[in-house]
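# Inside the fold
Here's the letter readout for the chains.
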Amino acid sequence: MPVVLVLLLAACASNSRRHEPTFTSSHSSLADLPARAPSDANAGTANDVLFRAMALVGTPYHWGGNTPAGGFDCSGLVDYIYRHAADILLPHSSREMAAMDGRKVTRMTELASGDLVFFGNRSGIDHVGVYVGKGRFVHAPNSGGTVRLDDIDGPYWGDHFAYGKRLLD
């Protein structure tokens, strides 16, 4: 009988849900670059964007989602961050965000904290995140996952990086 009780307790304590890591050590070649704000005038807003983005790491992915309670897709996450931290309303599509006015940043080494970062393939832009500095960005990558922090120049993201967009200049 004690063996059955131990097995039952062990089964109750186990968690069958797979947890995806939301933070891993950076292996970015950009990690040693100095942190950069978009401009002195907007450094405070960039910090607000940064802190809001980092606070949402671990929130579940949900296609079409745009709140912490309901989960986020990539564009819903970016819109939520900018709406609450910078009072800027963004469209709910990575392609529409990419088409917005703003300074285009084509080199990863010139990205500043708070820049939008866009990724795509031959058919165009299909993903967006927020650059936080030191070669890392926050994004809602896929169904079944969570909002996470990744290296912008990592194996997948480095190959699909299109450009950044600076809205806080």
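Cut-offs and rules
- Chains are numbered independently. Their residues run from 1 in the order of the written sequence.
- Local features in this predicted model are restricted to residues of pLDDT 70 or higher, and side-chain atom pairs are both shown and tallied only at a pLDDT of 80 or more, whereas totals for entire chains, interfaces and linings draw on every residue.
- As a rule here, side-chain values come from all non-hydrogen atoms in the structure, and water together with hydrogens is ignored.
- Here a strand is any run of E in DSSP of at least two residues, a helix any run of H or I of at least four, and the numbering for each starts at the N terminus.
- Throughout, a residue-residue contact means that at least one pair of heavy atoms, one from each residue, lies within 4.5 Å.
- Shrake-Rupley sampling with a 1.4 Å probe provides the accessible areas, and residues are treated as covered by the protein chains on show and by no other component.
- Here is the rule: rings of Phe, Tyr and Trp (six-membered ring for Trp) pair when centre to centre is within 6.5 Å. Planes less than 30 degrees apart are stacked, more than 60 are edge-to-face, and the remainder are tilted.
- Think of it in three bands: residues with accessible area under 20% of the maximum for their type are buried, residues over 50% are exposed, and the middle band is partly exposed, with areas taken using a 1.4 Å probe on protein chains only.
- The term nonpolar core refers to a set of buried residues drawn from Ala, Val, Leu, Ile, Met, Phe, Trp, Tyr and Cys, joined through side-chain atoms within 4.5 Å.
- Two strands pair under a simple rule: DSSP has to find at least two bridges between them.
- In this analysis an axis means a line fitted to C-alpha atoms, helices contributing only their contacting stretch, and an angle means the value between N-to-C directions, from 0 to 180 degrees.
- When an angle is under 35 degrees it counts as roughly parallel; over 145 it counts as roughly antiparallel; between 65 and 115 it counts as roughly perpendicular; any other value is oblique.
- By definition, any crossing whose near helix is turned counterclockwise from its far helix by less than a right angle is left-handed, and any crossing with a clockwise turn is right-handed.
- Expected span of a helix: the number of residues minus one, times 1.5 Å.

### As for the overall build of the protein chain
- For the protein chain, the helix and strand inventory stands at five helices and eight strands.
- Secondary structure of the protein chain in N-to-C order comes out as α-α-β-β-α-α-β-β-β-β-β-α-β.
- Here the analysis covers contacts within the protein chain between residues at least 6 apart in sequence; of these, 61% occur between residues at least 24 apart.
- For the protein chain, the accessible area works out to roughly 9200 Å², and carbon and sulfur atoms hold 55% of it.

### Considering the packing of aromatic side chains
- One pass over the full model with this rule turns up seven aromatic pairs.
- Both rings, one in Phe 137 and one in Trp 157, keep their centres 5.6 Å apart while their planes meet at 80°; by these two values the pair is edge-to-face. With Phe 137 in strand β6 (residues 136–139) and Trp 157 in helix α5 (residues 157–160), the pair connects residues that are 20 residues apart, well separated along the chain.
- Its relative accessible area of 0% is what places Phe 137 among the buried residues.
- A centroid spacing of 4.8 Å and a plane angle of 90° characterise the contact between Tyr 156 and Trp 157, whose relative ring orientation is edge-to-face.
- For Trp 157, a relative accessible area of 12% gives the class buried.
- Here the aromatic residues Phe 119, Phe 137, Tyr 156, Trp 157 and Phe 161 are joined through ring pairs into a cluster of three or more.

### Considering unusual backbone geometry
- If you check the backbone angles, Asp 87 has positive phi at about 55° while not being a glycine.
- The phi dihedral of Lys 134 falls on the positive side, at around 55°, and the residue is not glycine.

### Some details on the nonpolar core
- Core analysis: the largest hydrophobic core is formed by 31 residues, its most contacted members being Val 49, Leu 77, Val 78, Ile 81, Tyr 82, Leu 116 and Phe 118.
- Ranked by the residues each element gives to this core, the list is headed by helix α3 (residues 74–86), at eight residues.
- If near-sequence neighbours (up to four positions away) are discounted, Phe 118 is found in contact with Ser 94, Met 97, Ala 98, Ile 125, His 127, Val 128, His 160, Phe 161, Ala 162, Tyr 163 and Lys 165.
- One finds Val 105, Met 108, Tyr 131 and Trp 157 within the second-largest nonpolar core, a separate group that totals 11 residues.

### Quick word on the sheet that holds strand β7 (residues 148–151)
- Here six strands make up an open sheet; going across it, the order is β3-β8-β4-β5-β6-β7 and the pairing antiparallel. The open sheet has two free edges, formed respectively by β3 (103–105) and β7, since each of these has just one partner strand. Strand-to-strand twist across the sheet, computed as the mean angle between neighbouring axes with direction ignored, equals 35°.
- Direction of pairing for β6 relative to β7: antiparallel, over a ladder of four bridges. Each residue of the ladder has a partner; that of His 139, found in β7, is Arg 148.

### Digging into the packing of helix α2 (residues 43–55) against α3
- One can describe the packing of α2 onto α3 by two numbers: an axis separation of 9 Å at closest approach and a directional angle of 135°. Here α2 lies oblique to α3, going by the angle between them. In this structure, α2 crosses over α3, and the sense of that crossing is right-handed. Seen from α2, the contacting residues are Thr 45, Asp 48, Val 49, Arg 52 and Ala 53; seen from α3, they are Tyr 80, Ile 81, Tyr 82, His 84, Ala 85 and Ala 86.

### Some points on α3
- In a regular helix each residue adds 1.5 Å, so 13 residues correspond to 18 Å; α3 covers 18 Å between its end C-alpha atoms and thus fits that length.
- With 11 of its 13 residues buried, α3 lies for the most part within the structure.
- Downstream of α3 by a residue or two, Asp 87 has a phi angle that is positive, lying close to 55°.

Note that all results are geometric; they support no functional claim without further evidence.
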